[in-house]
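# Architecture at a glance
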Amino acid sequence: MALTSEATTIWRGTLFEGSGDLTLDSSGLATYPVNWKARSEGVANTTNPEEMLAAAHSSCFSMALSLALAQAGHPAESIQTTAAVTFEAGKGVLGSHLLVSARVPGITEEEFEAFADGAKENCPISQALAIPITIEAELA
């Protein structure tokens, strides 16, 4: 069964002077401010699309790695993944760098790196970066 997850942003104003509020529909209660300055320069307590992408990538990768390790008989005690997504104005998203540290008893560093490489390739968010995008647009 497919699950569709949603997030909603309400944006007010122009790109450079405007701002918005992002709500993750799973929480419904928490909204996150978002604006251009946070995206292009970084601003405390304000998010940006790339930070949301990093959150998705780090959590998805950790899940994929956990599954691969467990299926091979090497369940992880813990996996910590940081995804660093780089954005440059005028160029867009340049990449995502995964920094992974894990406790996995009974495997070598070389084996772990092979599992991590496989998870990087098979993580649905890694694969989603090239998915088709559909749209429905209407004036309100």
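Reading guide: rules and limits
- The residue numbers shown here count from 1 along each chain, following its written sequence.
- Reporting in this predicted model follows two pLDDT cut-offs: at least 70 for local features of residues, and 80 or more for side-chain atom pairs to be given and counted; totals over whole chains, interfaces and linings ignore these cut-offs and use all residues.
- With hydrogens and water excluded, all non-hydrogen atoms of the structure serve as input to the side-chain values.
- Secondary structure follows DSSP: runs of H or I at least 4 residues long count as helices, runs of E at least 2 residues long count as strands, and numbering of each begins at the N terminus.
- Classification of residues uses two cut-offs on accessible area relative to the type maximum, computed with a 1.4 Å probe and protein chains only: under 20% is buried, over 50% is exposed, and between them is partly exposed.
- Between N or O atoms, a polar contact is any pair within 3.5 Å; within protein, one atom must be a potential hydrogen donor and the other a potential acceptor, and residues adjacent in sequence are included only when both atoms are from side chains.
- Two residues qualify as a contact provided that any one of their heavy atoms is within 4.5 Å of a heavy atom in the partner residue.
- Patch membership requires more than 30% relative accessible area and the absence of a salt bridge. Residues of like charge join within 9 Å; the nonpolar side chains Val, Leu, Ile, Met, Phe, Trp and Tyr join within 5 Å.
- With residues, only the protein chains shown are counted as cover, and all accessible areas are computed by Shrake-Rupley using a 1.4 Å probe.
- Each salt bridge in this description consists of a side-chain nitrogen of Lys or Arg and a carboxyl oxygen of Asp or Glu lying within 4 Å of one another.
- To estimate how far a helix should extend, the number of its residues minus one is multiplied by 1.5 Å.
- The pairing test for Phe, Tyr and Trp rings, Trp by its six-membered ring, is centres within 6.5 Å, and the orientation test on the planes gives stacked under 30 degrees, edge-to-face over 60, and tilted for anything in between.
- A fitted line through C-alpha atoms represents every axis, and for helices the fit uses only the stretch in contact; the resulting angles, taken between N-to-C directions, go from 0 to 180 degrees.
- Orientation categories follow fixed angle ranges, with anything under 35 degrees roughly parallel, anything over 145 roughly antiparallel, 65 to 115 roughly perpendicular, and all other angles oblique.
- Handedness of each helix crossing follows the sense of rotation of the near helix against the far helix: counterclockwise by less than a right angle gives left-handed, clockwise gives right-handed.

With respect to the helices and strands, the residue N48 is situated in the loop between helix 1 (36-40) and helix 2 (49-71). N48 sits in the buried class, given a relative accessible area of 13%. At 3.0 Å, the side chain of N48 forms a polar contact with the backbone nitrogen of E50. The contact partners of N48, leaving out residues within four places of it in the chain, are V34, A38 and R39.

The next thing to look at is a nonpolar patch on the surface. There is a patch of nonpolar side chains on the surface, built from W11, L15 and F16 and spanning about 320 Å² of accessible area. By the secondary structure assignment, L15 is in the loop between strand 1 (7-12) and strand 2 (19-24).

With that out of the way, let us pick up helix 2. Every α-helix winds through 3.6 residues per turn, so residues three or four apart in the chain are directed the same way. Here helix 2 spans 33 Å end to end across 23 residues, near enough to the 33 Å set by a 1.5 Å rise per residue. Those residues of helix 2 that fall on the buried side of the exposure criterion are E50, A54, H57, S58, C60, F61, S62, A64, L65 and L69. Where helix 2 is buried, its residues meet helix 1, strand 4 (78-88), strand 5 (92-103), helix 3 (109-122) and helix 4 (124-128). Two or three places before E50, at the start of helix 2, stands the capping residue N48, its side-chain oxygen 3.0 Å from that residue's backbone nitrogen.

This part is about the packing of aromatic side chains. Taken as a whole and judged by the stated rule, the model has two aromatic pairs. Geometrically, the ring pair formed by W36 and F87 is edge-to-face, given 6.0 Å between the ring centres and 85 degrees between the ring planes. Placement of the pair is W36 in helix 1 and F87 in strand 4, with a sequence separation of 51 residues. Each member of the aromatic cluster is reached from another via a ring pair, and the members are F16, W36 and F87.

This part takes up the packing of helix 2 against helix 3. Two elements in contact, helix 2 and helix 3, have axes whose closest approach is 9 Å; the angle formed by their N-to-C orientations is 130 degrees. Here helix 2 is positioned oblique relative to helix 3, judged by the angle of their axes. Judged by the twist between their axes, the crossing of helix 2 over helix 3 is right-handed. For the pair formed by helix 2 and helix 3, the contact residues are F61, A64, L65, A68 and L69 on the first element and F112, F115, A116, A119 and K120 on the second.

In the structure shown here, the tally under the stated rule is four salt bridges. Between E121 and K120 there is a salt bridge, with its nearest N and O atoms 3.2 Å apart. By relative accessible area, E121 is classed as partly exposed at 48%. The class of K120 is partly exposed, set by a relative accessible area of 39%.

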